[in-house]
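Residues per chain, in single letters:
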Amino acid sequence: MHLTTRRRAAWALVALAVGAFTYVTAEVLPIGLLTVIAADLDRSPSETGLLVTGYAAVVVMASLPLTRLTRRVPRRTLLTITLGVFVAGMLLTAVAPNYPMLLAARLLVAATQALFWSVATPAAAAMFPPEIRGRAIARMSIGSSLGPVLGVPAGTWLGQQVGWRAAFALAAAVGLITCVTVATLMPGRRQPGAGSGGHESGRGATPDARRYALLIVATVIGVGGYLTAYTYITPFLLDFGGFAPAALSPLLLASGISGVAGTIVVGRLLDTRPRAAITGPLALITCALLALYAFGALHPVAVVALCVTGMSFSALAAAIASRGLQVAPGSTDIASAGTGSAFNIGIAGGSLLGGALIDHAGVRSVTVAGAVLTAAALAALVGERWMAPARPSAPERTTPARSAQ
């Protein structure tokens, strides 16, 4: 890559990472401000909670349809429009006079998130040569890892100090800066070897429908296993671990910081050892959840295990995104939408399973159940070479590169 082009791509990647940070913050922020929003709009906490539940449902349901509908739109144009609509939705959220308007604005923002996650990861990879695309995906994932660590606490504090509307207005301002940066700096041409040229989405480096299907199944099971435990980690730490309530914030912060570290570390493996990059985090999560089940009452063990799970899950998220692009059997945008939907299905399923377990088997059970599921996902991926043996690569047909602008 030419030096100027490389610098431009690097800054565009930073902008996409900031976009990921802003989306994660926007999605989860109502949780921290739930009681403030409920009191201001005279709604119950359960009704206000729909701002998060409905948001997640739209992300899952809209990812594939929106990605298919827009697959021929130039990536830079599509991301600019998506971020522009995000800004409009966040501003509408900030000024919503009543609950129905607020919910409608949230669902609009959710639709843009569904498209952003499907397009941004393949677009980020396409800006760089094949040998460093995994590293680029990991660097973009740092933004999403920082969302729970910096974005949500800062937004919650701001909302508590000057009103919840200010927090969403600030997120809109960050989104506007990101939108302008992407429109200005994102390269208009794919790098050599990026896949297809023109307006069409790229193709996987080693396309394999069976391995992609196995990845989807393992993602649902593995992410579901982690969320079975992590959704209810607070009552686990209080009731079984014996931690004081004041210790929860530092513990969750430590887990979040570990997640950022995990994303940075896995970036070194995604291009050179892609299978280890995804099986390693699953193995660590399984061991850490078993350690919590067996020794969670011992505070040093619980702290270490919690940090290991945070680090490994963030690494796993980046590895799933990268692996999905590698084995995508068709459009990488569609493949990214598929892995994103699988990820969110795992989140929802794990949360539901954990809630049922707590009601019937106690809070300690969520850790061992989560470990069983992550171990099953690990076994599926370790057995990939037997369950989905690689097919011989077909000779590639080269086509002249065209502008993606």
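The protein is annotated in an unreviewed UniProt entry as MFS transporter of Microbispora hainanensis. The heading Subcellular location (unreviewed entry) in the UniProt record of the protein holds the text "Cell membrane".

### What to know about the packing of helix α9 (residues 233-240) against helix α10 (residues 248-266)
Interaxial distance between α9 and α10 falls to 11 Å at its minimum, and their mutual angle equals 130°. Regarding the angle of α9 to α10, the classification is oblique. Crossing hand, α9 versus α10: right-handed. Two secondary-structure elements touch here, α9 through Ile233, Thr234, Leu237 and Leu238 and α10 through Leu248, Leu251 and Leu252. Residues that form the contact of α9 with α10 fall into these classes: six nonpolar, one polar and no charged.

### What to know about the nonpolar core
Across soluble globular proteins, nonpolar side chains show a tendency to be buried alongside one another. Leu16, Ile37, Leu79, Met90, Phe116, Met127 and Phe168 are the most contacted members of the largest nonpolar core, which has 48 residues in total. Only α1 (3-32), α2 (34-41), α3 (45-69), α4 (75-95), α5 (99-126), α6 (133-162) and α7 (164-185) provide two or more residues apiece to this core. Here the element with the most residues in this core is α5; it accounts for eleven residues. Formed by 37 residues, the second largest nonpolar core is a distinct cluster that contains Tyr226, Phe236, Phe243 and Leu251.

### Examining the environment of Ser255
The residue Ser255 is located in helix α10 in this model. Sequence-wise, Ser255 and Gly224 are 31 residues apart; in three dimensions their C-alpha atoms are separated by 18 Å. Other than its neighbours up to four places away in sequence, Ser255 contacts Tyr230, Leu306, Cys307, Gly310 and Met311.

### A short note on the packing of aromatic side chains
According to the stated counting rule, one finds eight aromatic pairs in the structure shown. Consider the rings of Tyr23 and Phe86, whose centres lie 4.6 Å apart with planes at 50°: the pair is tilted. With Tyr23 in helix α1 and Phe86 in helix α4, this residue pair connects regions lying 63 residues apart in the sequence. Residue Tyr23 is classed as buried on the basis of its relative accessible area of 0%. Taken together, a centroid distance of 5.3 Å and an interplanar angle of 40° make the contact between Phe236 and Phe240 tilted. Of this pair, Phe236 and Phe240 both sit in helix α9, separated by four residues, roughly a single helical turn. For Phe240, a relative accessible area of 23% corresponds to the partly exposed category. An aromatic cluster of at least three residues, connected via ring pairs, comprises Tyr23, Phe86, Phe116 and Trp117. The ring of Tyr293 is capped by Arg364, whose NZ or CZ atom sits 4.2 Å from the centre of that ring.

### What about the environment of Leu13?
Within the secondary structure layout, Leu13 lies in helix α1. It is 9.2 Å that separates the C-alpha atoms of Leu13 and Ala123, two residues lying 110 residues apart in sequence. The residues contacting Leu13, other than those within four sequence positions of it, are Ala124, Met127, Phe128, Ala136, Arg139 and Met140.

### A short note on a nonpolar patch on the surface
On the surface, a cluster of nonpolar side chains totalling about 280 Å² of accessible area is made up of Trp11, Val14 and Val18. With respect to the helices, strands and loops of the structure, Val18 is situated in helix α1.

### Description of the pattern of salt bridges
All chains considered together, the criterion is met by five salt bridges. Each of Arg211, Arg275, Arg323 and Glu384 takes part in one network of salt bridges that share partners.

The rules we used
Residues numbered from 1 in each chain as written. Predicted model: local features only at pLDDT ≥ 70, side-chain atom pairs only at ≥ 80, totals over all residues. Heavy atoms only, no water. UniProt positions renumbered as here; feature names shortened; annotations may be inferred. Axes fitted to C-alpha atoms, helices over the stretch in contact; angles between N-to-C directions. Helix = DSSP H or I, 4+ residues; strand = E, 2+ residues; numbered from the N terminus. Parallel < 35°, antiparallel > 145°, perpendicular 65-115°, else oblique. Left-handed = near helix turned anticlockwise from the far one by under 90°. Contact = heavy atoms within 4.5 Å. Nonpolar A, V, L, I, M, F, W, Y, C, P; charged D, E, K, R; others polar. Core = buried A, V, L, I, M, F, W, Y, C linked by side-chain atoms within 4.5 Å. Buried < 20%, exposed > 50% of the residue type's maximum accessible area, 1.4 Å probe, protein only. Phe/Tyr/Trp six-rings, centres within 6.5 Å; stacked < 30°, edge-to-face > 60°. Lys NZ or Arg CZ within 6 Å of the ring centre and 35° of its normal. Patch = residues over 30% accessible without salt bridge, like charges linked within 9 Å, V, L, I, M, F, W, Y side chains within 5 Å. Areas by Shrake-Rupley, 256 points an atom, 1.4 Å probe, with all protein chains shown as cover. Salt bridge = Lys/Arg side-chain N within 4 Å of Asp/Glu carboxyl O.

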